[in-house]
Amino acid sequence: DAKTTQPNSMESNEEEPVHLPCNHSTISGTDYIHWYRQLPSQGPEYVIHGLTSNVNNRMASLAIAEDRKSSTLILHRATLRDAAVYYCILKIQGAQKLVFGQGTRLTINP
Amino acid sequence: EPEVTQTPSHQVTQMGQEVILRCVPISNHLYFYWYRQILGQKVEFLVSFYNNEISEKSEIFDDQFSVERPDGSNFTLKIRSTKLEDSAMYFCASSPENRGDSPLHFGNGTRLTVT
């Protein structure tokens, strides 16, 4: 399974932007970059995905490096409800499953 | 917005008993999954299911586990003879297609406690 590397934890302040990094140097050309998050006592929740171009949706933005070996999930204005574990996962073409790593535990300070 | 629903939210059982965890995937989805998360650990893949067959399973998914889609809406995970180490959160997920750009949608899980 293609591997991603994320910091174990990050901290930010409410109403400030948060940039969550992910390295995936072994990504192949057809792998999609997916981000999920898991709020306390809940199941994983889809956030965003992309292939080559930057992506925006109502939850977040995804910035993908030109060589695709890294990406950054951007929360534009963090709220306390954004405190969660964030997972960066490569969805391999032809494979159905997602393989979760340890993710980044994001703490938001009031 | 449609969602994956799981019942019960919490199940307590005695070691050696059989349990069935139930899931209702999103209605037009074709691919179904079970994951588990032992307290404080990673979310682990158990099994994927498509067209009434298991398409992939992990080493964790041994003979004590089985999955079934008994009708057009439910997707179940059966654990035949529960062990203490089966205590975990079990998450069901579904996706519409088998493509790299197709996200998985997860339920909020069933907490299984084996005593």
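Keep in mind that this is a model prediction, so the values were computed, not measured. (Residues numbered from 1 in each chain as written. Chains lettered and ligands numbered in written order. Predicted model: local features only at pLDDT ≥ 70, side-chain atom pairs only at ≥ 80, totals over all residues. Heavy atoms only, no water.)

By a widespread convention, an interface's size corresponds to the accessible area lost as its parts come together. Between chain B and chain A, the contact holds 22 residues from the first and 22 residues from the second. When chain B packs against chain A, the two sides together hide about 1,900 Å² of surface, and 50% of this comes from carbon and sulfur. Across the contact surface, chain B and chain A share one salt bridge. With a closest N to O distance of 2.8 Å, A:Lys97 and B:Glu56 form a salt bridge. For the pair chain B and chain A, the number of links is nine residue pairs in polar contact (both at pLDDT 80 or more). (Contact = heavy atoms within 4.5 Å. Buried area = accessible area lost by both parts, 1.4 Å probe. Salt bridge = Lys/Arg side-chain N within 4 Å of Asp/Glu carboxyl O. Polar contact = N/O pair within 3.5 Å; in protein donor to acceptor, adjacent residues only side chain to side chain.)

So, about the pairing of strand 11 (residues 110-114) of chain B. All names here are of chain B. The alternating pattern of strand 11 places Thr110, Leu112 and Val114 on a buried face, while none of Arg111 and Thr113, on the opposite face, is buried. Examined bridge by bridge, strand 2 (residues 10-13) and strand 11 share four bridges and lie parallel to one another. Bridge assignment links valine 12 to a residue of strand 11, and that residue is threonine 113. Strand direction decides the pairing type here: strand 9 (residues 88-95) and strand 11, joined by three bridges, are antiparallel. (Buried < 20%, exposed > 50% of the residue type's maximum accessible area, 1.4 Å probe, protein only. Helix = DSSP H or I, 4+ residues; strand = E, 2+ residues; numbered from the N terminus. Pairing = 2+ DSSP bridges.)

All names here are of chain A. Under the counting rule described, the total for this entry stands at two disulfides over all chains. Here cysteine 22 connects covalently by a disulfide to cysteine 88, the sulfurs 2.1 Å from one another. One disulfide, between cysteine 22 and cysteine 88, carries an S-S torsion of -80° and so falls in the left-handed class. Residue cysteine 22 is located in strand 2 (residues 18-23), and its partner cysteine 88 is located in strand 8 (residues 84-91); the two are separated by 66 residues in the primary sequence. (Disulfide = S-S within 2.5 Å.)

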